[in-house]
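# Working through the structure, step by step
As a plain string of letters, each chain reads:
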Amino acid sequence: MATLEIRGLRKRFGAVEILKGIDISLEKGGFLVLVGPSGCGKSTLLNTIAGLEAITSGDVSIGGRVVNDLHPSQRDIAMVFQSYALYPNMSVGENIAFGMEMRRVPKPERDKAVAAVAKTLQIEHLLKRRPSQLSGGQRQRVAMGRALVRQPSIFLFDEPLSNLDAKLRVDMRIEIKRLHQTTGATIVYVTHDQIEAMTLATKIAVLKDGELQQVGTPAEIYNQPANLFVADFMGSPAMNLLEGAIERADGKPCVRLDRGDQAPIVVPAPASADPAALREGARVVFGIRPEAVNDSDSLDHNAKSVVRFDAPVEIVEPAGADTFVVIHVAGREMTARMRADADVRVGQNHPFALNLDKALLFDPQTTRRL
Amino acid sequence: MTDELSVAPFLDVARPRSHRPLRARARDALPLLVLAPSFILVLIFVYGFNLWTLFLSFTNSKAFTSTHLVGWLNYEKLWTWTFDHTSNWHTAIVNMGLFGGLYVFFCLALGLTLAILLDQKIRGEGILRPIYLYPLALSFIVTGTAWKLFLDPRIGLDKAMHDLGWASFHFDWVVTPRMMIYCVVIAGVWQTSGFVMAMFLAGLRGIDGEILKAAQIDGATAYATYRRIVIPMLRPVFLSAIIVLTGMALKSYDLVLSVTGKNPGGAAELPSTFMYSYTFTRDQMAVGSASAVIMLMTIAAIMVPYLYSELREKAQ
Amino acid sequence: MSAADLIIAPPAREPSRQSPVTRAVIYGLLALFAVVYLLPLVVMVMTSLKPLDEVTGGNMFYPPRDWTFEPWVKAWGTACVGLTCSGLKIFFWNSIKMVVPAVIISTGLGALNGYVLTKWRFPGHKLLFGMMLFACFIPYQSVLIPMATILGKFGEFGRSLDDSLGLSLGFGNPTVNLVLVHTVYGLGFTTLFFRNYYEAFPDELIKAAMIDGAGFFQIFRRILLPNSGPIIIVTVIYQFTNIWNDFLFGATFAAGASSPLTVALYNIVNTSTGVTEYNVNMAAAIIAAAPTLFVYIVAGRYFVRGLMAGAVKG
């Protein structure tokens with residue numbers, strides 16, 4: 001039985017439909033990340049799971065029971081907010097214990113629970129302090145402590161790392177992952193940062209304009225994006241998307257990428273593509289991630305299908321561990337990921353190699369993957 | 001930052017379908033029940049009473065309330081009186097224009113000047129600013145009493161100047177009926193200009209320093225910078241200040257009474273004093289009501305559009 | 001930064017590069033204005049400490065030659081207000097009796113209203129707020145007559161209660177009348193202040209409390225109120241100043257022995273019998289002004305905040 005099950009959830013607010021029929025399920029101990037651009041409805045979806053917002057139709061079930069009509073405090077959930085939402089007038093200990101106080105748990109029990117949680121999160125020395133006296137990372141831990149002490153069926157996180165600086169964000173991300181692994185908690189997590197999504201999730205749900213674009217494991221989302229939006233949204237730098245047309249050579253379908261006055265690049269169509277869509281002349285969008293665009297030095301030895309070509313280098317971006325190179329192909333810019341010490345110079349023609357093992361094709365009209 | 005779409009009102013919270021619908025409804029209604037007493041009080045004592053006064057203005061109430069309607073009679077009376085130089089209402093209207101205009105103008109001028117001066121990175125601002133602001137803590141009666149003494153020719157400014165050797169100094173406005181209203185202006189400006197100064201100071205300080213740097217680079221003199229850039233940018237503050245000041249001028253009552261003593265001869269009559277005397281002293285309740293309604297309409301004409309635009313701007 | 005913050009704690013700018021002459025002019029003007037603003041108060045104080053012949057015979061700008069506190073003693077204890085000659089002390093207490101409940105009730109209701117209007121939004125909340133806001137700006141003249149009528153009826157009711165039950169339950173009591181009047185007409189402002197303050201209060205704290213199981217009043221009591229210190233002070237100061245300084249309502253609804261201090265002051269100054277005791281009048285004025293001036297000196301920055309908020313600059 002899934003811990004969280006969302007069926008046909010719709011939410012209207014006035015005349016606007018914010019969530020347009022969402023179906024997701026999450027097993028016990030899973031880490032579901034809701035990801036998408038601003039305004040896609042991910043926070044709204046989280047709020048409906050929490051019960052902070054009512055739904056127009058559909059069902060939300062937690063632990064097997066339908067919770068549509070239950071008040072947030074009765075859904076057996078706990079929530080960690082972006083701003084942590086620690087009560088400023090109470091000490092850390094009182095903050096953690098507040099929920100129990102509202103449920104009239106007797107003081108000795110409360111104190112025991114608070115002490116246990118404080119020990120797990122290593123914040124025992126902070127129990128008497130006020131939130132204003134804590135650092136960002138400490139506040140985050142207190143917020144998590146408040147959630148942990150409830151021992152809920154599901155933890156809800158609403159962009160908890162957005163307020164932190166880059167370094168702290170990475171540290172806290174690891175803490176959250178560690179927490180997940182040690183406690184086996186079931187978590188629903190909202191973020192707009194796709195790196196967080198990829199690193200933390202066991203399951204990712206990509207949303208756009210209130211509609212689910214795809215639900216799957218991080219690997220599935222990354223390697224088999226369901227449509228152009230998911231392909232473009234996940235991965236940094238973004239996937240290269242080039243316009244091309246289908247040609248048949250020796251009975252096998254190929255994709256021709258025109259390059260204006262230079263010779264076109266012709267690549268075999270990916271094996272995963274639906275053959276029925278590969279008619280002669282059909283226009284397609286060819287997708288290949290920067291890490292699959294290299295030169296001979298950086299190429300993956302295990303690559304089975306490789307196509308080479310020369311192209312003039314436009315921009316070189318040394319990024320520490322890699323070098324990103326921007327070239328112009330088929331009317332679009334293409335980003336290649338090379339080794340840090342790659343010998344690339346702006347303006348010069350450089351030999352590139354495309355590793356086609358992970359290449360993808362998309363239909364430009366429907367935007368779906370072929 | 002959470003999605004813009006998820007800024008939902010709290011009333012949207014999930015609620016149990018209770019077996020006892022009455023109890024659930026009661027809980028949902030709790031916020032409204034809490035607001036209700038205040039709202040009802042305001043409804044009755046503000047809107048209800050205003051309507052009542054409006055109603056009275058169409059009756060022929062004299063010393064006691066009468067429900068006999070006489071149409072626009074009272075307003076016609078006031079209208080005729082507006083042009084009748086001998087009537088109190090005429091004096092009241094003229095004074096209102098004089099007082100209002102001068103009061104607003106000088107408060108703005110003085111407030112802006114002080115704000116600009118204070119904004120010049122002054123040392124001791126912490127002492128000066130409270131000095132300009134303290135009159136606001138005083139009751140209008142206190143202010144009027146102080147200025148009545150200050151301007152009293154027998155023991156105040158006039159006499160002090162004579163004693164200091166300036167024999168030709170002559171300032172008896174406060175006892176000259178025709179000039180009394182100007183004394184009220186003086187006292188009023190003294191009291192309220194600090195408030196306007198505070199508004200302009202906040203406005204000045206809200207101006208992005210980088211705009212001033214750009215002006216410097218463009219070679220603008222301080223005068224030009226203020227005239228062409230800073231003051232035009234303060235337009236919203238001017239608007240707010242004018243609206244607040246006009247409202248205050250229209251409602252002025254305590255100040256007039258205390259500066260002029262019991263308003264001898266009605267020379268410093270204002271609509272507010274007119275209303276009071278006609279209602280409570282001359283037993284002309286209906287006329288008094290009509291004058292009150294006119295006061296209300298004038299203020300509403302200024303405030304309602306302003307409030308509406310302010311609330312719209314903050315629409316979520 | 002709010003308008004008040006910009007006044008109290010201005011952002012730093014680089015030092016001025018004006019010529020010394022300009023600086024001198026600026027400081028000179030500011031000092032001149034400061035003198036103008038202080039002069040009436042200084043004259044008031046000095047006059048109140050002079051014997052009467054020095055006031056009428058001397059120059060108001062000169063400090064007292066023969067210091068005396070007699071005017072103060074007289075103003076407090078024996079000055080004549082109307083027909084009673086027992087000074088201001090009764091009226092001082094009248095004002096206190098009226099101001100304290102009015103401030104407490106209007107502030108409390110304003111806080112609850114602000115809470116409901118910002119955290120429990122319902123359809124039409126903007127309209128309701130607008131209606132309550134408009135109540136701040138009406139000229140009181142337009143409600144005087146109906147209020148007088150109603151209070152008169154209360155008085156009758158109180159007397160009949162008194163006749164039948166032996167107690168009037170406050171109906172018709174002038175102090176109670178004033179408390180009612182000031183509470184009602186202060187609601188617009190107090191609601192405005194709290195509403196603007198709570199608008200900026202993080203919604204997430206409320207959500208967290210909801211998830212923790214706190215109900216409507218628990219959220220108010222345990223989360224909102226403890227963090228409302230500044231706005232409570234601002235509102236109390238604003239209400240205290242306005243109600244203490246009121247004249248119109250006091251004169252209309254509480255004439256006579258139950259008048260508030262401002263009305264008593266007016267009567268002292270404007271009694272036409274006998275010789276005008278300017279020094280006593282000034283002492284009386286200072287006594288009347290003392291509480292609000294004291295509050296202003298002690299809590300100036302909160303005073304400024306209230307001013308700015310009261311100008312409907314949200």
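Residues numbered from 1 in each chain as written. Chains lettered and ligands numbered in written order. Predicted model: local features only at pLDDT ≥ 70, side-chain atom pairs only at ≥ 80, totals over all residues.

### Quick notes on the interface of chain A and chain C
Of the residues lining the interface, 17 residues belong to chain A; the matching set on chain C comes to 14 residues. Contributions of two or more residues to the side of chain A that touches chain C are made by strand 6 (77-80) and helix 2 (92-102) of chain A. Class assignment of the residues belonging to the side of chain A that touches chain C gives a composition of twelve nonpolar, four polar and one charged. (Contact = placed C-beta atoms within 7 Å. Helix = DSSP H or I, 4+ residues; strand = E, 2+ residues; numbered from the N terminus. Nonpolar A, V, L, I, M, F, W, Y, C, P; charged D, E, K, R; others polar.)

### Examining the domain arrangement of chain A
Residues and elements named next belong to chain A. Here chain A is partitioned into domain 1 (4-233) and domain 2 (240-362). Listed by partner, the interface residues are four residues for domain 1 and six residues for domain 2. When residues in the side of domain 1 that touches domain 2 are grouped by element, the largest group, three residues, is from helix 8 (residues 228-233). (Domains from an automatic or database assignment.)

### Describing the interface of chain C and chain B
Tallying the contact residues gives 84 residues for chain C and 82 residues for chain B. The biggest single contributor to the side of chain C that touches chain B is helix 2 (residues 20-48) of chain C, with eleven residues. Here the residues of the side of chain C that touches chain B sort into 60 nonpolar, 19 polar and five charged.

### Considerations on helix 11 (residues 229-245) of chain C
Because each turn of an α-helix spans 3.6 residues, side chains separated by three or four positions in sequence point in the same direction. With 17 residues, helix 11 of chain C extends 24 Å from end C-alpha to end C-alpha; this agrees with the ideal 24 Å at 1.5 Å per step. For helix 11 of chain C, every residue scored as buried is listed here: Ile 231, Val 234, Thr 235, Ile 237, Tyr 238, Gln 239, Thr 241, Asn 242, Ile 243, Trp 244 and Asn 245 of chain C. (Expected span 1.5 Å × (residues − 1). Buried ≥ 20, exposed ≤ 12 C-beta atoms within 10 Å, placed from the backbone.)

### Comments concerning the sheet that holds strand 18 (residues 332-339) of chain A
Sheet strands line up and pair through hydrogen bonds in the backbone, either parallel or antiparallel. Residue and element names in this part refer to chain A. Sheet architecture is open: five strands sit in the order 15-19-16-17-18, paired in antiparallel fashion. Here the strands that pair on one side only, and so sit at the sheet edges, are strand 15 (293-294) and strand 18. Where strand 15 and strand 19 (residues 349-355) come together, two bridges link them in antiparallel fashion. Its bridge partner lying in strand 19, Asn 294 is registered against Ala 353. (Pairing = 2+ DSSP bridges.)

### Digging into the domain arrangement of chain C
All names here are of chain C. If you check the domain split of chain C, you get domain 1 (15-68) and domain 2 (74-310). Put simply, the middle of domain 1 and the middle of domain 2, counted by C-alpha atoms, are 33 Å apart. Among the elements of the structure, helix 2 and helix 3 (52-57) are those that each provide at least two residues to the side of domain 1 that touches domain 2. No other element matches helix 2, which puts four residues into the side of domain 1 that touches domain 2. Taken together, the residues of the side of domain 1 that touches domain 2 break down into four nonpolar, two polar and one charged.

### Things to note about the pairing of strand 17 (residues 322-329) of chain A
All names here are of chain A. With five bridges connecting them, strand 16 (residues 306-318) and strand 17 associate as antiparallel partners. In the sheet register, Ile 315 faces strand 17, and the bridge partner there is Val 326. The loop that links strand 16 with its antiparallel partner strand 17 comprises three residues; one of these, Gly 320, has a positive phi angle of about 90°. Sheet analysis places strand 17 next to strand 18, joined by eight bridges and oriented antiparallel. Opposite Asp 322, over in strand 18, you have Arg 339 as the bridge partner.

### Section: the packing of helix 4 (residues 136-148) of chain A against helix 5 (residues 166-183) of chain A
All names here are of chain A. Their axes nearest at 11 Å, the elements helix 4 and helix 5 cross at an angle of 25°. If you check the angle between helix 4 and helix 5, you find them roughly parallel. Relative to helix 5, helix 4 is oriented so that their crossing is right-handed. In contact with Gly 136, Gly 137, Gln 140 and Met 144 of helix 4, helix 5 contributes Leu 168, Asp 171, Met 172 and Leu 179. The class makeup of the residues in the contact of helix 4 with helix 5 is four nonpolar, three polar and one charged. (Axes fitted to C-alpha atoms, helices over the stretch in contact; angles between N-to-C directions. Parallel < 35°, antiparallel > 145°, perpendicular 65-115°, else oblique. Left-handed = near helix turned anticlockwise from the far one by under 90°.)

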